[in-house]
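What the coordinates show
Below are the chains, spelled out letter by letter.
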Amino acid sequence: MPFASHFPVMLRTEDGVRIDAAHTPSRRTDVGIVVAHGFTGSWRDRTARRIVHVLSGYGGVLAFDFRGHGRSGGLTTVGDLEVLDVEAVVRHARVVGYSRIAVVGFSMGAAVAVRHAALRGGVDAVVSVSGPARWYYRGTRPMRQVHWAIERPVGRWAARIAKRTRIARGPWDPIPMPPHEAAALVTPAPLLIVHGDADTFFPLDHADQLYAGARDPKELWIEPGYGHAETAATPELVNRIGKWIAANLS
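Treat the numbers as computed from the prediction; the structure is a model and nothing was measured.

Turning to the packing of aromatic side chains, a few remarks are in order. The final tally for this structure, using the stated rule, is 4 aromatic pairs. Pairwise contacts between aromatic rings join W135, Y136 and W172 into one cluster. Stacked on the ring of Y211, the Lys or Arg K218 has its end atom at 4.2 Å from the ring centre. Taking the ring centre of W221 as reference, the NZ or CZ of R240 above it sits at 4.5 Å.

Among the surface-exposed residues, W148, V154, W157 and I161 lie close enough to one another that they form a single nonpolar patch of about 440 Å² accessible area. Counting residues per element, the nonpolar patch draws most heavily on helix α5 (residues 153–163), which supplies 3 residues. Its place among the elements puts V154 in helix α5.

This next bit is on the packing of helix α2 (residues 82–96) against helix α3 (residues 108–119). Look at α2 against α3: their axes get within 9 Å of each other, and the N-to-C directions meet at 70°. Judged by the angle between their axes, α2 and α3 are roughly perpendicular. On α3, the residues that touch E82, V83, V86, E87 and V90 of α2 are M108, V112, R115 and H116.

Right, let's talk about the pattern of salt bridges for a bit. When the charged atoms of two side chains lie near each other, side chains of opposite charge can form a pair. According to the stated counting rule, one finds 12 salt bridges in the structure shown. R138 is the partner of E151 in a salt bridge, and the nearest nitrogen-oxygen pair spans 2.6 Å. Placement of E151 in helix α4 (residues 141–151) and of R138 in the loop between β6 (125–129) and α4 is noted, with a sequence separation of 13 residues between them. E151 gets classed as partly exposed once you look at its relative accessible area, which sits at 41%.

Next up on the list: helix α7 (residues 204–213). Among the residues of α7, those classed as buried are H206, A207 and L210. Along the axis of α7, the buried residues cluster in a sector spanning 100°; they form a single face. Buried residues belonging to α7 abut β6, α6 (179–182), β7 (191–196) and β8 (218–223).

Counting residues in each nonpolar core, the largest one holds 44 residues, and the members touching the most others are F64, V126 and L191. For this core, the element with the most residues is α3, which contributes 6 residues. Within the second largest apolar cluster, 31 residues are counted, among which are I33, A233, W244 and A246.

With that settled, consider the environment of G155. Take G155: it is sitting in helix α5. C-alpha separation for the pair G155 and H37, spaced 118 residues apart in sequence, amounts to 20 Å.

The next point concerns unusual backbone geometry. Cis geometry marks the peptide bond from T187 to P188, where omega comes out at 15°. Within the secondary structure layout, P188 lies in the loop between α6 and β7. Omega for the bond connecting D216 with P217 falls within 30 degrees of zero, at 0°, which places this linkage in the cis form. Inspection of the secondary structure puts P217 in the loop between α7 and β8. Phi at S107 takes a positive value of approximately 55°, unusual for a residue other than glycine. Phi at Y136 takes a positive value of approximately 65°, unusual for a residue other than glycine.

Okay, α5 next. The set of residues buried in α5 consists of G155, R156 and A159. Viewed along the axis of α5, the buried residues span an arc of 100°, placing them on a single side of the element. In α5, those exposed residues whose orientation departs by more than 90 degrees from the buried face are P153, W157, I161 and A162. Where the residues of α5 are buried, they touch α4. A positive phi of about 55° marks R164, the residue just after α5.

Rules used throughout
Residues numbered from 1 in each chain as written. Predicted model: local features only at pLDDT ≥ 70, side-chain atom pairs only at ≥ 80, totals over all residues. Heavy atoms only, no water. Phe/Tyr/Trp six-rings, centres within 6.5 Å; stacked < 30°, edge-to-face > 60°. Lys NZ or Arg CZ within 6 Å of the ring centre and 35° of its normal. Patch = residues over 30% accessible without salt bridge, like charges linked within 9 Å, V, L, I, M, F, W, Y side chains within 5 Å. Areas by Shrake-Rupley, 256 points an atom, 1.4 Å probe, with all protein chains shown as cover. Salt bridge = Lys/Arg side-chain N within 4 Å of Asp/Glu carboxyl O. Helix = DSSP H or I, 4+ residues; strand = E, 2+ residues; numbered from the N terminus. Axes fitted to C-alpha atoms, helices over the stretch in contact; angles between N-to-C directions. Parallel < 35°, antiparallel > 145°, perpendicular 65-115°, else oblique. Contact = heavy atoms within 4.5 Å. Buried < 20%, exposed > 50% of the residue type's maximum accessible area, 1.4 Å probe, protein only. Arc of directions from axis to C-beta. Core = buried A, V, L, I, M, F, W, Y, C linked by side-chain atoms within 4.5 Å.

Encoded structure:
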């Protein structure tokens, strides 16, 4: 099945970073769904386009590349200043005419979606898929590889060449509010936390910590056999997320 038609959009953040985005309209014109990809991802990836295609059955979709990723400008701060990227896309969704907006984030994008809702507000629902609850987690081999890419010059070079991901140098200063603390500030918007029991990056205690930190309305789905983020998300799961958005924004 071909993907739904999309229209390119070029946005600019409050701090002047150019953001490459795409708008996929829907028959449902009141709901806008912002899709935030994971670290080293892009809205142009086939897995991301498949997710957008499914979600477009539930509202217009705005997908984008975070700063330092793909065709967007700037350097990625791996979850900190990316809040401004989401804000630029949400602001554009309002200008387009969507009266109710949900943000769906995967992995790093999940952390940013939660932090954006907590710090900036202005959204009506948040979905965190395969998201971390806390920073600096190194308990799995994939996350040790991620930290190598972020912290070592050769790792940043490899990410730039292999994944078109440009990573800012140096540690965070100050350290951003972690997702499990930000989760408490998402309310009154409903928060859905989706996590797989086969996630090789973040074990289930991250989902549990996010859920424990959040306030009502909140919901937790532990998905049997589900791995990590976009690459493991089945159309069935994405459809269920779309139905959850539709039910909560009705």
